[in-house]
Every structure is written in C-alpha cells, then in structure tokens.
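An overview of the molecular structure
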Amino acid sequence: MQVAVVTFDGFNELDSFIASALINRCRRDGLEAFITTPTPVVTSMNGVEVTGQRPMEFVTEADVVLIGSGVKAREVVVDDRMLSRLPLDPSRQLIGAQCSGALVLARLGLLDGMPACTDMTSRPFVEACDVRVLDAPFHAEGNIATAGGCLASQYLATWVITRMLGQDAARDVIDYVAPVGENNETVERAMRAMHAGEVALR
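Let us look at the structure shown here. (Residues numbered from 1 in each chain as written. Predicted model: local features only at pLDDT ≥ 70, side-chain atom pairs only at ≥ 80, totals over all residues. Heavy atoms only, no water.)

Considerations on the overall build of the protein
Our working definition: Helix numbering and strand numbering both begin at the N terminus, where a helix is a DSSP run of H or I of at least 4 residues and a strand a DSSP run of E of at least 2. As a reference, a globule follows 2.2 Å times the number of residues to the power 0.38, and the radius of gyration itself is taken over C-alpha atoms. Residue exposure (1.4 Å probe, protein chains only): buried if accessible area is under 20% of the type maximum, exposed if over 50%, otherwise partly exposed. Any pair of residues with heavy atoms lying within 4.5 Å of one another is described as a contacting pair. Only the protein chains shown count as cover for residues, and the accessible areas themselves come from Shrake-Rupley with a 1.4 Å probe.
When helices and strands are tallied, the protein shows eight helices and nine strands. Here the protein has a C-alpha radius of gyration of 15 Å; the compact-globule value for 202 residues is 17 Å, and the two agree. Out of the 202 residues in the protein, the part that is buried amounts to 52%. Taking all contacts inside the protein whose residues are at least 6 apart in sequence as the whole, residues at least 24 apart take part in 65%. Accessible area for the protein stands at about 9,300 Å²; split by element, carbon and sulfur atoms hold 50% of it.

Quick word on the packing of aromatic side chains
When we look at a pair of aromatic rings, we describe it by the centre distance and by the angle of the planes. Heads up, the rule is: Planes of paired rings set the category: under 30 degrees apart is stacked, over 60 is edge-to-face and the rest tilted, where pairs are Phe, Tyr or Trp rings (Trp by its six-membered ring) whose centres lie within 6.5 Å. For a lysine, the NZ atom is tested; for an arginine, the CZ atom; a charge sits over a ring if that atom is within 6 Å of the ring centre and within 35 degrees of the ring normal.
Considering all chains together, one arrives at three aromatic pairs under this definition. Seen in terms of ring centroids, phenylalanine 11 and phenylalanine 17 are 5.7 Å apart; in terms of plane orientation they differ by 75 degrees. Their pairing is edge-to-face. Residue class for phenylalanine 17 comes out partly exposed when judged on its relative accessible area of 32%. Between arginine 54 and the ring centre of phenylalanine 58, over which it is positioned, the NZ or CZ distance is 5.7 Å. Seen from the ring of phenylalanine 125, arginine 74 lies directly overhead, with NZ or CZ sitting 4.0 Å from the centre.

Observations concerning a negative patch on the surface
Keep this limit in mind: Two joining distances apply to patches: 9 Å for like charges and 5 Å for nonpolar side chains (Val, Leu, Ile, Met, Phe, Trp, Tyr), and every residue must have over 30% relative accessible area and no salt bridge. The salt bridge criterion pairs a side-chain nitrogen of Lys or Arg with a carboxyl oxygen of Asp or Glu, the two atoms within 4 Å. Residues scored as positive are Lys and Arg, those scored as negative are Asp and Glu, and His as well as the terminal groups of each chain are ignored. Lysine's charge is taken at NZ, arginine's at CZ, aspartate's at CG and glutamate's at CD.
Taken together, the side chains of Asp29, Asp168, Asp172 and Asp175 define an acidic patch exposed on the protein surface. Here aspartate 172 shows up in helix 7 (residues 167-177).

Here's the deal with helix 6 (residues 153-165)
The cut-off we apply is this: Working rule for helices: expected span equals 1.5 Å times residues minus one.
The end-to-end C-alpha separation of helix 6 is 18 Å, in line with the 18 Å expected for 13 residues at 1.5 Å each. Where helix 6 is concerned, the buried positions are Ser153, Tyr155, Leu156, Ala157, Thr158, Trp159, Val160, Ile161 and Thr162. With its phi angle positive at about 105 degrees, glycine 166 sits one or two positions after the end of helix 6.

The following block contains the structure:
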C-alpha cells in the first residue's frame, strides 16, 4: 500500500513531513509514504531543499494521494500543465488535502458539493471556488478528506492509517509520537477529530 505525499515548490514542511512520517510508522504493516514532487528537488517555504522520493507520475499508481500545502498553491492551481499531472481517481484512491491543498482539489473538481477544511489564509481563495469552508480541522466524505491548520496533518494521517490498516494501527502510531505524559489525550484527540469530521453533515 503506497501513499504519495504531493509536495510542490514552496511547500510547508509541517504538512508534508508530519503526514509522511506518521504513515511511515506503518512500514512493517505494508503502508508506506513517499514525498512525491513535480521536479527532482523542491524548496520549502523556509528554504529547505528536499529531493523527491517519487516523481509526480507516481500518483497514478498510489493507493493514497495527499496534496500538501505551500506558499505557491495559487500558482499551482492556474498551471494547467501541472494539474494535468494529477489524474486522481476517488473511486479507487483515498485522496486528502492539507490546508491550501484544498485549492488543488477544488480546481480538479473533486470538491463539487462537498465542504472542506483549510487554513485561514487559504480560506477566501477556497471559498472563491464555490466551496464551503468549515470551521473545523478535518472533514471527510467517502474517499476524500481535507484538513485545516498545519498540525491537523496528524488527523489526515490518522484517517489514512485507519482506512488502510484499521483504528488500532492509527492509535498505536499516535500513541508512539505523542508527548510524554500526554499519550491518552493525544490519541483520543486525534480519533475524536477524525470521527467528528467523518460524521459531519450526514
């Protein structure tokens, strides 16, 4: 089971790295995430250069595709050539977006009739795509999920792990990375956010 964490130039390190690191705690169970980039090397919003682990074409074979956010998201969504490299299929893939990644899903037509979560900076631009933005950190309908706020990337990862390996596997991962002495509350917060997002508006 493979996860493509799509990471554009100008990416937010927290969004791409938290999700990929949490998911990669499940390698032994056959679930693995790869930083997936449109060019061999991308530079973060803070100047960190990262070599992609997979090229953008990997999204067609991945079981899960997570669209990371960054300061150049508005440039990405007006680049038809870039968007053409993202032939996503929610009928066979889990698809998630972090913060401004919701703009990409909206531009691809994957949020039609579905509300979304995003960060405060991206909110007006997502709303301009006729997508209703929720005041919540996580929302999922079927095979599509969105998360808002950098640290909500843990909820996106929790959703992926739960859908691919089950709730116990997700609990184990969050418990492992939780601050010492805050294990139970961290696990329960993540599970609560995920479940609340999944049942919202039903």
